[in-house]
Structures are given as structure tokens and as C-alpha cells.
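Chains, contacts and geometry: an overview
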Amino acid sequence: MLIVSLSPHTHGTDSVERNMRGVIIALLPALLVSFFYFGIGSVIVCLSSVAACVFFEWVINKYILKNPRTTITDCSAALTGLLLGMNLPSNLPIWIIIIGALFAIGVAKMTFGGLGNNIFNPALVGRCALLVAFPAQMTSWPETGQLLSYTDATTGATPLSVMKEAIKTGDASVLDRLPDSLHMLLGDPSVGYGAGALGEVCALALLLGLAFMLWKKIITWHIPVSIIGTVFVFSAIMHLADPIYANPVAVILSGGLMLGAIFMATDYVTSPMTPKGQIIYGVCIGLLTIIIRNWGSYPEGMSFAILIMNAFTPLINNYVKPKRFGEVPAKQ
């Protein structure tokens, strides 16, 4: 039986496939920039991740869940693979990428029943599983400009590791080694730092993706703006209180903050439904990111912050409910 609401109804062009394809298109600028800066390593990592995610979803759906309808055509598995690849270093061996894809699809997505039922963002589950299982490989960041190097690429420090060193040593002069804000915005390969994961190489490319998704109304501004705004405000306060903490512009342009705020935290399934709930969600992610970056063991905290708040999404949805049309308020 199909139960629908009462009229009036309106026709819409939105679909899962359309929105998934839209997010993939929005990722293209960052993807192309990663190819330009990391070369063949970026190509191998992204293709391996997408292929593995699509394969695992097809196998699990067909042979384990015995579902006669294929789900790989909705592009969600391909998007998960692309997002996982964008969260990995460009020198990661293929066999480790395959393990990450298995965690992303097999554990975080299909175990819960597939798209729309998962509690946590699949790509981030895959990334964090690899970070825990293979910390050395997942924190060795190749320097940009090594276009023909893959597993033998030379690695280097990242801006986040420099910020972490300044906090640990209490020496604010360490921050002088950071690239300037323009280099961090554009991802200049001449800077000599490992840029981090593939999707962290150019903040401007990620902002272009944000503009595209806002234009196409794939996402709203509430989550990205609340995350970035929260991180900016609290990092500015900390920088003014103690110069060992980096300036707020450097903080929001470094690491996976932009990638997470724009493409990971805005996942439809694992984020709150209402604008008010999305702002609460975004503010909490921003605060957790600052806390983990400054006082946690890892230099980056974006992935963990998003996954923690994924767990609170049902609670936020229950607390912040939209007003029903025609609802009569209860008498006090």
C-alpha cells in the first residue's frame, strides 16, 4: 500500500541520482586540481577507491542481501568512493584503499540496509578505519609537484603538523613556517609542504564546488557556514589569547576543514533535516574540530567531529522538529 499526504501536491525534479551527480560535478574542480598537483598518485588513488566502492556495493547487494534491483546506478557508491579517495594521501597503496572501501560500503552503509539507512557517513568511516589500522601510511603526506611518483613520493610536513608543533612546544615562532594565506587558498606546489589529503590541496576549488551546490540547491548554507564560522570565531579568540595558536584564516584553510564542511557534513542521510538543527549540528562540529585539533592526539579533527555529530543527528531531529501545517498548539 502506498500512502501519500493530502493535496495539494507539486511536481519536483529532484532525485537521488540527480543530487549524487550534482555533488560529483561539484567535486570536479578539487579533483582536477589534485591531479595537477599530485599527478599519477591522485589518479590511482581516486580510481581505485571509486572502483572498489562500486564493486563492493554490487557484490553485497546481489549476493549477500539478494536484492534483485541494482543500486550502483544511483551514483551513491561512486560518490562514496570519490569522497573516500579525496580524504586519502596520494601515495596510499591500492590494497589499503580496498580495505577502506570495504569498511565504507560493507560496514558503514550496507550493514544498515543501504542508502538512506546508514547512521554514519560511509566515506569518513572508511577513512577513520584506515587511520586507526594504518596510522603510518595514513599520515605520510607526499609533497606536491611529484607528478610521476606514486608510492615512492617524498613526504613532508603539513600546515596542520606545524600548528600542532607550535602548540606542543609553546613556541609561536614555529608558525612562521606556515605558508601565507594565498598559498593555502590556491595550493601552491612551490611551498614545499605536503598538502595533506587529495581534497585538501586547494580551498578555492572546494569553494567553487560549494557555490555550484548552493546554486543548484543541492545543499543549503546552514551547515558549511555554521562550521566554518564557528571555527573562525573560536580560533580567532584563541589566537588573540595566545599566539601559539594559528590565526583563524590559516586554520580554516588548512587540513580537511573545507572538504568536511562542504561535502562530508552536508550528507543528506547523516545530517539534521531542519535549518535550525543544521546550525546546531554545524556549530558543534566546529567546536569539536577545534578541541580535537588543539588538544587531541591527531593534528586533524574534522573527520572525528563529523562522525561524533552523526550519532547525535537523530537526537537533534527529535529536539528540533518543524511545525506541522495546521497544527493547533496545546493549551498550557
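Look a little higher up for the structure.
The text that follows walks through the structure, step by step, so that each part is easy to find. The structure presented is a predicted model; accordingly, all values stated were derived computationally and were not measured. (Residues numbered from 1 in each chain as written. Predicted model: local features only at pLDDT ≥ 70, side-chain atom pairs only at ≥ 80, totals over all residues. Heavy atoms only, no water.)

1. Section: the state of the cysteines
Enumeration according to the criterion identifies 0 disulfides in this entry. The closest cysteine sulfur to the non-disulfide-bonded Cys53 is located on Cys46, 11 Å from its own sulfur. Cys53 sits in the buried class, given a relative accessible area of 0%. No disulfide involves Cys284; its sulfur sits 18 Å from that of Cys128, the nearest cysteine. (Disulfide = S-S within 2.5 Å. Buried < 20%, exposed > 50% of the residue type's maximum accessible area, 1.4 Å probe, protein only.)

2. Overview of the environment of Ile218
Residue placement: Ile218 occurs in the loop between helix 9 (203-215) and helix 10 (222-241). When its relative accessible area of 5% is taken as the criterion, Ile218 is described as buried. Measuring from C-alpha to C-alpha, the distance between Ile218 and Thr155 comes to 36 Å, with 63 residues separating the pair along the chain. If near-sequence neighbours (up to four positions away) are discounted, Ile218 is found in contact with Asn19, Gly22, Val23, Phe212, Met213 and Tyr268. (Helix = DSSP H or I, 4+ residues; strand = E, 2+ residues; numbered from the N terminus. Contact = heavy atoms within 4.5 Å.)

3. A closer look at the environment of Phe212
Of note, Phe212 is situated in helix 9. Judged by relative accessible area, Phe212 falls into the partly exposed class, the value being 22%. Taking C-alpha positions, Phe212 is 20 Å from Gln278, a pair spaced 66 residues apart along the chain. Phe212 has contacts with Gly22, Ile25, Ala26 and Ile218, leaving out every residue within four places of it along the chain.

4. With respect to the packing of helix 2 (residues 40-64) against helix 4 (residues 94-107)
Angle between the axes and distance between the axes: these two values describe a pair of packed helices. Relative to each other, helix 2 and helix 4 sit at 40°, their axes nearing to 8 Å. Regarding the angle of helix 2 to helix 4, the classification is oblique. Of the two possible hands of crossing, helix 2 and helix 4 adopt the one that is right-handed. On helix 4, the residues touching Ile44, Val45, Ser48, Ser49, Ala52, Cys53, Phe56, Glu57 and Ile60 of helix 2 are Ile94, Ile97, Ile98, Ala101, Leu102, Ile105 and Gly106. (Axes fitted to C-alpha atoms, helices over the stretch in contact; angles between N-to-C directions. Parallel < 35°, antiparallel > 145°, perpendicular 65-115°, else oblique. Left-handed = near helix turned anticlockwise from the far one by under 90°.)

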